[in-house]
Amino acid sequence: MTNQKEEIRIGFYICHCGHNIGSIVDCPAVAEYASKLPHVVVSKDYKYMCSDPGQELIQKDIREQGLNRIVVASCSPLLHEPTFRGATAKAGLNEFYFQMVNIRENVSWVHEDKDLSLIKAKDLVRAAIHRVAYHKALEKKKVPVNPDVLIVGGGIAGISASLTMANAGKKVYLVEKDATIGGYMAKFDKTFPTLDCAACILTPKMSSVLKHPNITLWTWSEVSEVSGFVGNYKVKVTKKPRYIKEELCVGCLACVEQCTFKEGKFPDEFNFGLSKRKPVYMPFPQATPQVVVVDDKTCLHFKTGKCPQTCMKACDRNAFDFNQKPEVVEINVGTVILTTGFKPFEAKRATNYGYGKYPNVFTSLEVERLVNASGPTEGHVLLRDGKTHPKSIGIIHCVGSRDDKTNKWCSKVCCMYSLKLAHLLKEHSGAEIYNFYIDMRTPGKGYEEFYDKLLNEGVQFIRGRVSEVNDWATTPDEKGKLIIRAEDTLIGRVRRIPVDMVVLSVGLEPAEDAQDVRKMFNISCSNEGFFLERHPKLAPVSTFTDGIFIAGACQGPKDIPDSVAQAGAAAAEALALIDSGHVELEPNTACIIEDRCCGCQVCINMCPYKAITFDPDKKKSSVNEALCKGCGTCVASCGSNAIFQNLFEDEEIMSELNGLLIE
Amino acid sequence: MKQYTIDPVTRLEGHGKIEIFCNDDGDVENVYFQVPELRGFEKFVEGRPIEEVSQIVTKICGVCPGCHHMAAGKAADMVFGVEPTPTARMIRELFYSAHFVHSHIAHFYALGAPDFVVGPTAPKAERNVLGVIAKVGAEIGTEVLKQRRIAQEIQALLGGHQTHVVMNVPGGVRKGLTEEQRKDVLAKAKGFVEFGKFSMKIFNDVVLANKDYVDIIVNGPYSLKIHSMGLVDANNKVNFYDGKVRVVDTLGKELHKYAPADYREYIAERVEPWSYLKFPYLKKVGWKGFVEGQDSGVYQATPLSRLNASDGMATPIAQEEYERMYSVLGGKPVHATLAMHWARLVELIYAAERAVELASIPEITSPDLRAKIEKVPTEGVGTVEAQRGTLTHHYWTDERGLITKANLIVGTTNNNAPICMSLKKAAQGLIKKGVTVDDGILNMVEMAFRAYDPCFSCATHSLPGQMPMVINFRDMEGNIQRQVKRD
Amino acid sequence: MANEKPKLKLAVYWGAACGGCCVSVLDVHEKLFDVVANADLVFWPIALDFKYKDVEEMPDQYIDVTLFNGAIRNSENEHMAKLLRQKTKILIAYGSCAHMGGIPGLANFTTKEEIFKRVYEESESLDNPDKVRPTPEVDVKEGHLHIPHFYEDVMTLGQVVDVDYYLPGCPPQTERLVEVFMAVVTGAELPPKGSLVGGAPRVQCDDCKRKKSEKKGITRFYRPWEVTDDGETCLNEQGILCMGPATRGGCGVRCIEGNAPCRGCYGPLEGIPDPGAKMMSAIASMLEGKEEDEIDKAIDTVIDPAGTFYRFSLPGSILRRKQK
Amino acid sequence: MQSTEQKTEQWSPRIVAFFCNWCTYTASDLAGVSRMRYAPSTRVIRVMCSGRIDPEFIMEAFAKGADGVLIGGCHPGDCHYSEGNYKCLRRYKLLQKYIEQMGIPKERMRLEWISAAEGKKLQEVVNEMTETLRILGPSKIKNVVETLAK
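Residues numbered from 1 in each chain as written. Chains lettered and ligands numbered in written order. Predicted model: local features only at pLDDT ≥ 70, side-chain atom pairs only at ≥ 80, totals over all residues. Heavy atoms only, no water.

As for the sheet that holds strand β26 (residues 493-499) of chain A
All names here are of chain A.
Line of reasoning, step 1. Spatially, the three strands line up as an open sheet ordered β24-β25-β26, and their pairing is antiparallel. Both outer strands of the open sheet, β24 (466-470) and β26, are each paired with one neighbouring strand and no more. In this sheet, neighbouring strand axes are inclined to one another by 20° on average, regardless of whether the strands run parallel or antiparallel.
Line of reasoning, step 2. With seven bridges connecting them, strand β25 (residues 482-488) and β26 associate as antiparallel partners. Paired with Ile484 across the bridge in β26 is Ile497. (Pairing = 2+ DSSP bridges. Helix = DSSP H or I, 4+ residues; strand = E, 2+ residues; numbered from the N terminus. Axes fitted to C-alpha atoms, helices over the stretch in contact; angles between N-to-C directions.)

Brief notes about the interface of chain A and chain D
It is common to give the size of an interface as the accessible area lost on bringing the parts into contact.
Line of reasoning, step 1. Between chain A and chain D, the residue contacts involve 57 residues of the former and 57 residues of the latter.
Line of reasoning, step 2. Arg518 of chain A serves as the salt-bridge partner of Asp78 of chain D, at 2.9 Å between the closest nitrogen and oxygen.
Line of reasoning, step 3. Our enumeration of links across chain A and chain D arrives at 22 residue pairs in polar contact (both at pLDDT 80 or more).
Line of reasoning, step 4. Elements with a minimum of two residues in the side of chain A that touches chain D: α4 (77-90), α5 (104-108), α6 (114-132), α15 (514-521), α17 (633-637) and α18 (650-661) of chain A.
Line of reasoning, step 5. Take the side of chain A that touches chain D: its biggest share by element is eight residues, from α18 of chain A. (Contact = heavy atoms within 4.5 Å. Salt bridge = Lys/Arg side-chain N within 4 Å of Asp/Glu carboxyl O. Polar contact = N/O pair within 3.5 Å; in protein donor to acceptor, adjacent residues only side chain to side chain.)

With respect to the interface of chain B and chain C
Line of reasoning, step 1. Chain B puts 97 residues into the contact, and the matching count from chain C is 89 residues.
Line of reasoning, step 2. Summing both sides of the interface, chain B and chain C together bury roughly 8,100 Å²; the carbon and sulfur share of this comes to 60%.
Line of reasoning, step 3. In this structure, the connection of chain B to chain C is made through seven salt bridges.
Line of reasoning, step 4. One salt bridge in this structure joins Asp27 of chain C and Arg148 of chain B, with 3.0 Å as the shortest N-O distance.
Line of reasoning, step 5. In this assembly, chain B and chain C are joined by 31 residue pairs in polar contact (both at pLDDT 80 or more). (Buried area = accessible area lost by both parts, 1.4 Å probe.)

Some details on the state of the cysteines
Line of reasoning, step 1. Taken as a whole, this structure holds two disulfides over all chains when the rule is applied.
Line of reasoning, step 2. Between the sulfur atoms of Cys197 of chain A and its disulfide mate Cys200 of chain A the distance is 2.1 Å. Taking the sign of the torsion about the S-S bond as the criterion, the disulfide between Cys197 of chain A and Cys200 of chain A, at about 100°, is right-handed.
Line of reasoning, step 3. The side chain of Cys23 of chain D participates in a disulfide bridge whose partner is Cys74 of chain D; the two sulfur atoms lie 2.5 Å from each other. One disulfide, between Cys23 of chain D and Cys74 of chain D, carries an S-S torsion of 105° and so falls in the right-handed class. Highlighted residues: Cys23 of chain D in the loop between β1 (15-20) and α1 (24-33) and Cys74 of chain D in the loop between β3 (68-73) and α3 (84-101), separated in sequence by 51 residues. Both residues of the pair, Cys23 of chain D and Cys74 of chain D, count as buried.
Line of reasoning, step 4. Cysteine Cys299 of chain A is unpaired, with the sulfur of Cys307 of chain A as its nearest cysteine sulfur at 5.6 Å.
Line of reasoning, step 5. The class of Cys299 of chain A is buried, set by a relative accessible area of 7%. (Disulfide = S-S within 2.5 Å. Buried < 20%, exposed > 50% of the residue type's maximum accessible area, 1.4 Å probe, protein only.)

Observations concerning the confidence of the model for chain D
All names here are of chain D.
Line of reasoning, step 1. Looking at chain D, the pLDDT average stands at 91 and 93% of residues meet or exceed 70.
Line of reasoning, step 2. Segment residues 1-8: pLDDT under 50, and 29 contacts once partners within four positions in sequence are set aside and those in other chains are kept.
Line of reasoning, step 3. Among the prediction metrics, the complex's ipTM stands at 0.89, with pTM recorded as 0.86. (pLDDT = per-residue confidence, 0-100.)

A few points about the packing of helix α7 (residues 156-167) of chain A against helix α8 (residues 198-211) of chain A
All names here are of chain A.
Line of reasoning, step 1. Contact geometry for α7 and α8: axes closest at 10 Å, N-to-C directions at 50°. In terms of axis orientation, α7 runs oblique to α8. Of the two possible hands of crossing, α7 and α8 adopt the one that is left-handed. On the side of α7, the interface is formed by Ile156, Ile159 and Leu163, while α8 contributes Leu202, Lys205, Met206, Ser208 and Val209.
Line of reasoning, step 2. Among the residues making up the contact of α7 with α8, the classes are represented as six nonpolar, one polar and one charged. (Parallel < 35°, antiparallel > 145°, perpendicular 65-115°, else oblique. Left-handed = near helix turned anticlockwise from the far one by under 90°. Nonpolar A, V, L, I, M, F, W, Y, C, P; charged D, E, K, R; others polar.)

Overview of the domain arrangement of chain A
Line of reasoning, step 1. For chain A, the assigned domains are domain 1 (10-138), domain 2 (149-240 + 328-341 + 511-578), domain 3 (254-325), domain 4 (344-509) and domain 5 (585-646).
Line of reasoning, step 2. In this structure, domain 1 of chain A and domain 5 of chain A have C-alpha centres spaced 33 Å apart. (Domains from an automatic or database assignment.)

Examining α18 of chain A
Line of reasoning, step 1. Helix length check: α18 of chain A, at 12 residues, gives a terminal C-alpha distance of 16 Å against a target of 16 Å (1.5 Å per residue), a fit within 8%.
Line of reasoning, step 2. Of all the residues in α18 of chain A, the buried ones are Asp650, Glu651, Glu652, Ile653, Met654, Ser655, Glu656, Leu657, Asn658, Gly659, Leu660 and Leu661 of chain A. (Expected span 1.5 Å × (residues − 1).)

With respect to the nonpolar core
Line of reasoning, step 1. Counting 311 residues, the largest nonpolar core has Tyr395 of chain B, Phe309 and Leu319 of chain C together with Phe18 and Tyr98 of chain D as the members making the most contacts within it.
Line of reasoning, step 2. Take this core: its biggest share by element is 16 residues, from helix α4 (residues 86-118) of chain B.
Line of reasoning, step 3. In this structure Phe18 of chain D touches Ile653 and Leu657 of chain A together with Ile45, Ile53, Phe57, Ile58, Val69, Leu70, Ile71 and Gly72 of chain D, once residues within four positions along its chain are discounted.
Line of reasoning, step 4. Listed in part, the 85 residues of the second largest apolar core include Val172, Val541, Ala571 and Leu577 of chain A. (Core = buried A, V, L, I, M, F, W, Y, C linked by side-chain atoms within 4.5 Å.)

So, the pairing of strand β2 (residues 17-22) of chain B
Residue and element names in this part refer to chain B.
Line of reasoning, step 1. The buried fraction of β2 is high, at six of six residues.
Line of reasoning, step 2. Here β2 shows no split at all, with Lys17, Glu19 and Phe21 on one side and Ile18, Ile20 and Cys22 on the other all buried.
Line of reasoning, step 3. Connecting β2 to the antiparallel partner strand β3 (residues 28-34) that follows it, the hairpin turn spans five residues, and Gly26 within it adopts a positive phi of roughly 95°.

Some words on the arrangement of the chains
Line of reasoning, step 1. Between chains B and C lies the most contact-rich interface of the five pairs of chains that touch.
Line of reasoning, step 2. Separated in space, chain A and chain B share no contact, their closest pair of C-alpha atoms being 22 Å apart.

A look at the pairing of strand β14 (residues 403-409) of chain B
All names here are of chain B.
Line of reasoning, step 1. Across the seven residues that make up β14, a large majority, five, are buried.
Line of reasoning, step 2. One ladder, built from six bridges, connects strand β13 (residues 389-397) with β14; its direction is antiparallel. Across the sheet, His394 pairs through a bridge with Asn407, a residue of β14.

Structure representation (structure tokens):
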């Protein structure tokens, strides 16, 4: 029932959006048409409704023409609804007396036929004008924002975001699933294009995270449950047992030396298995925190129960506790920044390159460790046998990138790190280096210059996709070598290059657990599986779930500078939200009309947020507005029509529908 | 030729129209009884689940819904090849007896009685239940309504719904009877027996004591020599709920006796373009037109025909009355249409006595209400005696029990042809050259079909009030020349 | 009872109906005399001998209240609906058929042709070699005969004439009728035209004594012989499909009291444009299962959705009838 | 970007599209931003969640002249409200059975899970459904309904 006491006076405005809409939809014609629709008092078209003059137009008419309903046909409400609601409110009209029609994303940008576009635009406008008459004045609900923030993932992005937030005086919880923070950056030797040592710039940040009074760092931990809503998230973090009392361990490594295993026996994750470690170990020398971890999958004590436990005895601080169980801590935060990073492409999947088949085919990350002074070979470039120095090395770009068989997207960083590795390999081994590339992509400050530098360093570049790597020698000098077959598109013939070592520049993929994280935090992923930003241009670090932000490679392949920049952006967004003190929630919550409710309780388990409760004495159910998130599922379930949803009442949707279909 | 139109025929359940054609001498040429209505249940129950159908078909007739519920319920049993548990069967028949009591009471007092107790040609203002009350005492009217109410209450208790019964499920009933309820029903049923005897006494004192009435019944233009149909038990006694269909000819000789499921070998229906209601007849005899006599294919299915078709009643008092009726009317079979009122009272007493019998069985309160169902549904026929004739429902289903085809022969449909013939005969006997067609005459015409208690009437007659009727005397062009109006 | 007032002129008429509505009027039992004391019945074919002619001769608005029961199935029904509308002050659509189409409305699943074919050509007990069909205008040797035109579709009363009030139920619970009747007699203030009277403000579940819980979690529905009703738990929660959650109360949960699931004769509450849609939504909302085949299995046990959710209301539903 | 616009002279069905705010509506924005051309047959009604869609909306759409109804929601497991899309699916499945009983070709009603990133899928679905409806021809439901009511 529209409020009959007041006469409905609708103002309609259609936006040309420059040529974006105007070139396809005949805006004046729509305005002309709308002016004849019921209750329409004002009907105008304007070049840019979202501009200040455009908004002025609306406000002026509200004041002078006594409009009490506003409809704007322009772009997507997801983009400018707030803008026009704002304008409506500025003129003293309740902002929910506004309805928006999407004739850009839904019409002019997707259709070419002007006649049909005009018909469609008119239909949509008619629908909105019918609907808006039923709109009611509503108030947004204000809820305070908890200033504490959760940051998930301790790579360079997570580290930077944490420090920014902490420095701004906010309480930060940084959760990292590995035993140390640092992420992939910690494994690198040098970083492009400046070739400064990764460790030198990263480790100080790592330790300041550890030392920072505002940061609570939980490594070897994972987020296990998230509930609540923007400003008020409830998060459960599960701390996996590392069998060491963190507060006692000083990282003296005595236990590691005393372990019953005299030698490292198990592949060392940090070095991608290029070296071996013991069941009790420190991930890497600068690991943060400096706390060892016991791997219960390999430790004798856990496997057989028959272990002298020399490690425990070696610890003069009694830091060992083999009975540790997973521990769940619950925290309340107002915002979340996800910096969960990426997963390198699994080289085995590119079968024609022989990774895993030919020992001397390496991945770029393995090589990062090989050339690293603190790596398994102390920076000496050696083949798998651990002694032979390669005389010739082929670096294959775009492995697991720009490839229909694996991943279509460009991983963005490979060209640059391949150049970097080419440089480092030449430097460390003096070997002949061949780069096999499709296109050389070096956008970025100093990147192209770095490429030039390499060209002058005598590194060979062959433009063409490598078809395969094998060891089928056809000439004596190919014997015992790996043959790289590739088409050289610059000279237009297929070439065979025999080399001692092959480096696969693997691309970046969404992290293993990206889907789980996405579900847990209720955000979306793009097709390839990276987290989806709210808007590719205007909201690159926001998500569709308010209060959840993303930064770094979890959003898409990114190099260090971009990751750090995004981390800053995400931190800024979170800070803005926190410092505003409160969030305004859409008032589109559901409400039960008690007099109609029969107490059948069908609606109750419709609600994923337990917002509906049944009162056995009254034999009635009711909605807790604070918990309701406004999906409207309960509304549709009620056989009595006892539930309505603000902004989406039956009569509002029905009138929109009828408006749409009547000619 | 003059054409008399009675439209609508009133005091009938459903719609009816009588067209009387007279020749220029004023003699009746022909009479058409038309049913202008069709709803198509046979078609639209297709696709419905068999277990739902017994509740859908009650809506064929809100006056005898119980009959359709039972017929369909029994058909559903057969569709699953299952017999209802003994308890369920008793509860069903107890309900059904109450259903008969309620209907027969109402019919006798509201419809039958006015014509006799008050008199066929008495002033119409008195010729209604109020007149009856005036004649036999004020408390009777109240008592009639009370007994009918009690019967309704029993139906509501057992049937789950006082009008559109919901008690049957394949293989049994939904709801049982508690011991207290049984005692209560028993007491009420005994009340019915008393009331039945009392009603019979009224009939004796008022009707049989009056020579003219007996004369009208026996010699009036109200006899129709046609075959008689009725449901009988193993001993050829009248039974309403179950048994075999027995048909005796005009001389009282058994013509057929068959299991209801075989009805298609014995009954066929013809269609006349001037009525939506079909005309059933005895298939083996064949359709000989709207004619009387031993060779006619026309049969009736009424309280009288049920008695004609049986060898007696299964309960003592009813049996006495049965014998008395035939001795007074000169032996079986009786073809006097108006004797249906008498037969109806005999049945009333039987129904009441049967109710007492059933309500006296302690086992009727057993919780064993539903038989287990194992068979895949296929096809089933259910037949009961409705107050107004043998009622048959026939359903075919797919393996999920969804109805694929349905065929119904409804109680009153059996009597479609007889009603037409009785009306014609009455009209011919009453409307003649020189006779001014007045209210009394017309009422006596209507008495002919009223006796059938066409499912068009039943319970609702108990309302007092004027009962006028308009007759149009038309010329050949159909222009109204003269109008006779009862008011 | 206000006897000094002029008596109310009451009419009762049926369209495509079963007579159950008239019986429900009769079920006032001994109160009948009170009714008669307050009202003159001026037209009631089932009970009184007034003819159509008498109605035609009445002045407009002559009748105070007409209880019109039954759906609109043929030309006679429609003619009388229009005639009575003209002669009546307060026209009440009485009972499910007049209200929503009722059981006769199930005919909207089929067509006139299909019905005639079934009844007059295919019926197993039929002997009609010449495929004779009833026809509205027939010449017999004695003269001309007429019967009404059988329509293609069944309609509700409200679809052919203006209706003042709707009194739901198949048939309406007699107590409700008496309440409404007395309201009119005593001149109580009546609700706005077009409202529904004689129904409860809430659905069946409100009156239903059976135990309900919030966890419905229905995995499938059962046919009567597949399940034993415990007699006390919500039928739907036992997997016995009951229309209660979307059906207006007022009948005294009579069917449910008889252990039979509600089939919705009282129709939906105000403001609900379609009688079955809400029920479908509610029923589907009680189901669990996420895998598509789980859901398919569950839905498969709702064997006749259209015939169940629209048992009494097909012509009154948004879609009105099956597409031909 | 292939253009699948049909020419004006060709009959264009009217599809009422109920899209959930978080996935499918966003996908249609994405399709727009990416300038993916598709048939101008859809008329989008935005709801917060596909779980809000009431069967009566769909019936009303048909009764008022829609040639088709398209429901778009998040992929199973992806619902912004965790399970609204399952609830939608259950209702849809039941409705589908009803629609078929009512003699309405099931192709006239379609449910698709289209995530915020699947602008392409949106384009394909709309074009596909438009083609199907064009083969079916204009819906007569509206006329039938109107002949049955004043």
